[in-house]
Each structure stands twice: as structure tokens, then as C-alpha cells.
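The residues making up each chain are set out below.
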Amino acid sequence: MRKIKLVFLPFLALILFSSCIAERAYTENEILMDTVNAITVYSKEEYENIVPAAFDLIREKSNLVDRYSSSSEIFIVNENASSFPVEVSSDVFNLISFALDMSYETDGVFNIAIGPLVDLWKIGTDEARLPGPEEIEEALLLCDYKSIVLDEVNHTVSFLKKGMSIDLGAVAKGWIANEVVSLMKEMGCEKAIVNLGGNVYVIGEKEEGKSWTVGLQNPDLEFGGSYATVDVSDSSVVTSGAYERFFTAEDGTRYHHILDPRTGYPSSSDIQSVSIISADSALADALSTTCFILGVDAAAEICERWGVSAVLLTLDNDIIRL
Ligand code: ADP
Ligand code: MG
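Note that the structure is a prediction, hence the values are computed from the model and not measured.

Conventions adopted
Residues numbered from 1 in each chain as written. Chains lettered and ligands numbered in written order. Predicted model: local features only at pLDDT ≥ 70, side-chain atom pairs only at ≥ 80, totals over all residues. Heavy atoms only, no water. Helix = DSSP H or I, 4+ residues; strand = E, 2+ residues; numbered from the N terminus. Rg over C-alpha atoms; globule rule 2.2 N^0.38 Å. Buried < 20%, exposed > 50% of the residue type's maximum accessible area, 1.4 Å probe, protein only. Contact = heavy atoms within 4.5 Å. Areas by Shrake-Rupley, 256 points an atom, 1.4 Å probe, with all protein chains shown as cover. Lys, Arg positive; Asp, Glu negative; His and termini not counted. Charge placed at Lys NZ, Arg CZ, Asp CG, Glu CD. Core = buried A, V, L, I, M, F, W, Y, C linked by side-chain atoms within 4.5 Å. Polar contact = N/O pair within 3.5 Å; in protein donor to acceptor, adjacent residues only side chain to side chain. Donors = N, O, S within 2.8 Å, 3.2 Å for Na, K, Ca; no water. Pairing = 2+ DSSP bridges. Near = heavy atom within 4 Å.

Student: Please give an account of the overall build of the protein that cites residues and values.
Tutor: Of the regular secondary structure elements, the protein holds 9 helices and 16 strands. Its C-alpha radius of gyration of 19 Å places the protein within 12% of the 20 Å reference for a compact globule of 322 residues. Taken across its 322 residues, the protein has 55% of its residues classed as buried. In the protein, once contacts between residues fewer than 6 apart in sequence are set aside, the share between residues at least 24 apart is 64%. Accessible surface computed for the protein: about 14400 Å², of which carbon and sulfur atoms make up 49%. When the 23 basic and 50 acidic side-chain charges of the protein are each reduced to a single mean position, those positions are 4 Å apart.

Here it is, written out as C-alpha cells:
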């Protein structure tokens, strides 16, 4: 079991501005996926019926993909897929297929097979450390998404190398947000905020004809200080930033948790925070990680290619809207 340092990410990443019109909001919080998850609805009935079902779904889905839990499907894949093809549920198979496609589409900048490198750095845990160059080289050889073989018919996953492992940390919250929002809508919810550790999805509009205003956390300020806002309805806003999980080495250098598979080290682009806006939260999640690693110029191309919007905060504190 790895020990996670719990950082209260959700409130770091986004702030939702309340409207002046008094309307009773009902919010439920629960710590899952090493972070605080909050769901806000606007009727007591929805709070009593829909919110518990939504949290059940978050628990169920996160248990499937938490690679540190020995009962998760991903744990079982990582343990066995280099020995034999491991069958997974259709849900997990679809998520793995999506994450593998994104790995190919981004030339491995978003890398579903990043597990060995994440395990080496252990950023976000009490055991985080600066690995040596040889260890990094060795781990990188195993972060080989092209050695993952999927069987569409039997829903199996195989690895062509021993020691490989899948890590869905950069898409799981987005995927779960999509699932939760679908369930809540099916159950009749027309207005809500789903915040999975800063991965936000707003359902419907704030008021008729009026979008929600989402604040984007300024990394230099205490929680609640935003550097910009975005107006959205029925959409997800997903943020990746260097300020979320990191450790400080003995020489004072800060190492954050988004790793650049081209170097094996935490990425160092010209972006300090990026928020992607899309109705597909899994896509937004994968792209926020990718843009964060690649920087401003590539982010512009990525947004155009996938038809998503973004707000970037550069290292020079410029705000760029794409
Ligand atoms: P957060 O989970 O803090 O919202 P991200 O969505 O950017 O941030 O995901 C970061 C997590 O994804 C890391 O903790 C790690 O598990 C995994 N990860 C790190 N680097 C990569 C990468 N290049 N590609 C895919 N996953 C990554
Ligand atoms: Mg992500």
C-alpha cells in the first residue's frame, strides 16, 4: 500500500462563483481517489436520491481503476498482463482503449504506460525522491505503450515486456466525471456541480440563459484566489498544474507529479497551469496533462485539433485563451 499525502486539490483548482440570487444549494463531500469530491445539487429531493447514487458510482468506478488497490482491475492487469492476457470489464476496456489511443495520438506525451516512472518518483507520497539517471533510463524502457496489446473481441490486455504497468491517473477523474454526469442526468438532474478533486463538471445552466462562472485557481495565491474565470454550461473544466502535488528535494528544487516521458523527469514547459473546457471530461483530462507537458505553442494546435477550449497561465503570468 502506498501512503498518499492528501492535498485538498479540489478547492485549489477551481472556485465556483455563487450567484446573488438566493437559492438553496445542497453539497455532499467525500474523500475518494486521494482527494475531496463534492457534488452540489439544488433540491432536497435530488440531494437525497441522486447524490448518494452518484457517490456510489464514483466509489465503484474508482475502485475499478485504482492501481494501488489489490482488488482493482488495473492492479490485476499490472500484476499479470506480461504473463497472460487479462480480461477486464467492458467499462475498463473502453477506458484503456481511449487512454491507449491518446498515447498514440500524442506520440506518447500522454502515456498510459507511465506506471514504472510514477513508481520510481513516488511524487505525492511520503516516499517521494529524486531517482538517479540510470534508474530513470531503466524505468523509461518499461513505459512503452506500444507494447500494450488489446484484444477487442475478448476484452483482454497483454504486455509485451515484464515490469510494465498502466497508470490511469491522468484520465480516471475525467472518465468518472463523465459517468457520474450521465447517471445524474438520467435520474432527472438538470442543474448541478460535480467536482472530483478539481476536475469540475457543471450540469445545465446557473440560471436560465446564464452560464456558470468558474474561477481558475492562481497557483501563487491561497485557495480561492483565481487568476481568471471561464463561463460554461453543461461542460467540464479540467485543470493540470505544477502546484498540485510535488515534493522539494534537499537542494530546494521542486519536482511535481506530471512526468515528461521524453525525459523521465517532471515536465518543464512554459505553462504553470492549464484548464481544458470540453463536454467530454475524459478528453479534457488527457489533454490538460498533454498541454501542460508540451507548452503554449503545442497547446494551441491541440485545442484546434480536438475542438476544445483552454485557458493557460504561462510561467510569465500571461493568460492565454484558446
Ligand atoms: P491530477 O491527477 O493532479 O489532476 P493529471 O490529470 O495531469 O493531474 O494527472 C497526473 C497523474 O497522471 C500523475 O499523478 C500520474 O499518476 C499520471 N501521469 C504523470 N505523468 C503522466 C503522463 N505523461 N501521461 C499520463 N499519465 C501521467
Ligand atoms: Mg489529466
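Student: Please give an account of the nonpolar core that cites residues and values.
Tutor: In terms of nonpolar packing, the biggest core is built from 70 residues, with I39, I148, I166 and M184 touching the most fellow members. Residues within four places of I148 in sequence aside, it is in contact with L100, I112, A113, V157, S158, F159, M164 and I166.

Student: Any details on the environment of S281? Residues and values, ideally.
Tutor: Mapped onto the fold, S281 is located in helix α8 (residues 281-294). Classification of S281 as buried rests on a relative accessible area of 0%. Taking the C-alpha atoms as reference points, S281 and N178, separated by 103 residues in sequence, lie 5.8 Å from one another. Excluding residues within four positions of it along the chain, S281 makes contact with G174, A177, N178, N199, Y201, S236 and V238. Within the structure, the side chain of S281 is placed 2.9 Å from the side chain of N199, a separation counted as a polar contact.

Student: Hey, could you go over the coordination of the magnesium ion (ligand 2) for me, with residue numbers and the actual values?
Tutor: Those protein atoms acting as donors to the magnesium ion (ligand 2) are A170 (O), D285 (O), D285 (OD) and T289 (OG1), and they sit at 2.1 to 2.6 Å. Coordination of the magnesium ion (ligand 2) draws on donor residues from a single chain, spaced A-x114-D-x3-T in sequence. Placement of both D285 and T289 in helix α8 is noted, with a separation of 4 residues, approximately one turn of the helix. Exposure remark for T289: the relative accessible area of 10% places this residue in the buried category.

Student: Break down the pairing of strand β5 (residues 148-151) for me, with residues and values.
Tutor: Of the two faces of β5, only the one carrying I148 and L150 is buried; V149 and D151 on the other face are not. Between β5 and strand β6 (residues 156-159), which pair antiparallel in sequence order, lie 4 residues; one of them, H155, sits at a positive phi of approximately 55°.

Student: How would you explain the site of ligand 1 if you had to name every residue and give the values?
Tutor: Lining the immediate environment of ligand 1, one finds 18 residues, of which V109, N111, H257, L259 and T289 sit closest. At 2.9 Å from a nitrogen atom of ligand 1 is found a main-chain nitrogen or oxygen belonging to V109. Interatomic distance of 2.8 Å between a side-chain N/O atom of H257 and an oxygen atom of ligand 1. Protein coverage of the free-state accessible area of ligand 1, which is 570 Å², stands at 92%. For the shell around ligand 1, the leading source of residues is α8, giving 3 residues.

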